[in-house]
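Per-entry structural report
Next come the chains, spelled out residue by residue.
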Amino acid sequence: DVSLKKDPAGQLVACITDNGRGFAPANESTDGHYGLQIMQKRALEIGGELQIQSKEQQGTMVDLKFAI
């Protein structure tokens, strides 16, 4: 699912969720994949905040908040 909304603080919030296999975020960079770090860097470049919640076999939620 993908949603886009404005929060009470006036920030834009983009949320992407799935109910897939998920992953352990703390271990993501240990196998040569750096996607989460790149996403964090891009969020910071636009003055935003990226939050990622994931559990193995339960899915993932990625929230990006930034001022508009």
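That block above? That's the structure.
Attention in this report is confined to the structure presented alongside it. What you see is a predicted model, and the numbers here were worked out from it, not measured in a lab.

**Side note on the overall build of the protein chain**
In terms of helices and strands, the protein chain carries 1 helix and 4 strands. Sequence-ordered secondary structure for the protein chain, helices as α and strands as β, is β-β-α-β-β. By residue count, 24% of the 68 residues in the protein chain fall in the buried class. In the protein chain, the share of contacts with a sequence separation of at least 24, taken over all contacts with a separation of at least 6, comes to 50%. For the protein chain, the exposed area adds up to about 5000 Å²; of that, 53% sits on carbon and sulfur atoms.

**Comments concerning the sheet that holds strand β1 (residues 2–6)**
With antiparallel pairing, the 4 strands of this open sheet are ordered in space as β1-β2-β4-β3. Edge positions in the sheet fall to β1 and β3 (49–55), since each has one partner strand and no second. Strand-to-strand twist in this sheet, taken as the mean axis angle between neighbours without regard to direction, amounts to 15 degrees. Where strand β2 (residues 11–18) and strand β4 (residues 59–67) come together, 8 bridges link them in antiparallel fashion. The partner of L12 across the bridge, within β4, is F66. Strands β3 and β4 of the sheet are contacted by helix α1 (residues 35–45), whose axis makes an angle of about 155 degrees with β3.

So, how was this worked out
Position numbers for residues count from 1 along each chain, tracking the sequence in the order it is written. In keeping with the model being predicted, local features are shown solely for residues with a pLDDT of at least 70 and side-chain atom pairs are shown and tallied solely at 80 or more, while totals for entire chains, interfaces and linings include all residues. Remark: hydrogens and water are excluded; side-chain values derive from all non-hydrogen atoms of the structure. Note on conventions: DSSP H or I runs of at least 4 residues are helices, E runs of at least 2 residues are strands, and numbering of each starts at the N terminus. Exposure categories follow from relative accessible area, calculated using a 1.4 Å probe and restricted to protein chains: below 20% of the type maximum is buried, above 50% is exposed, and the middle band is partly exposed. Residues are treated as being in contact if the distance between any of their heavy atoms lies within 4.5 Å. A 1.4 Å probe and the Shrake-Rupley method give the accessible areas. Residues count as covered only by the protein chains that appear here. Only when DSSP finds a minimum of two bridges between them are two strands counted as paired. In this description, a line fitted to the C-alpha atoms serves as the axis of each element, helices being fitted only across the stretch in contact, and the angle between N-to-C directions of two axes falls anywhere from 0 to 180 degrees.

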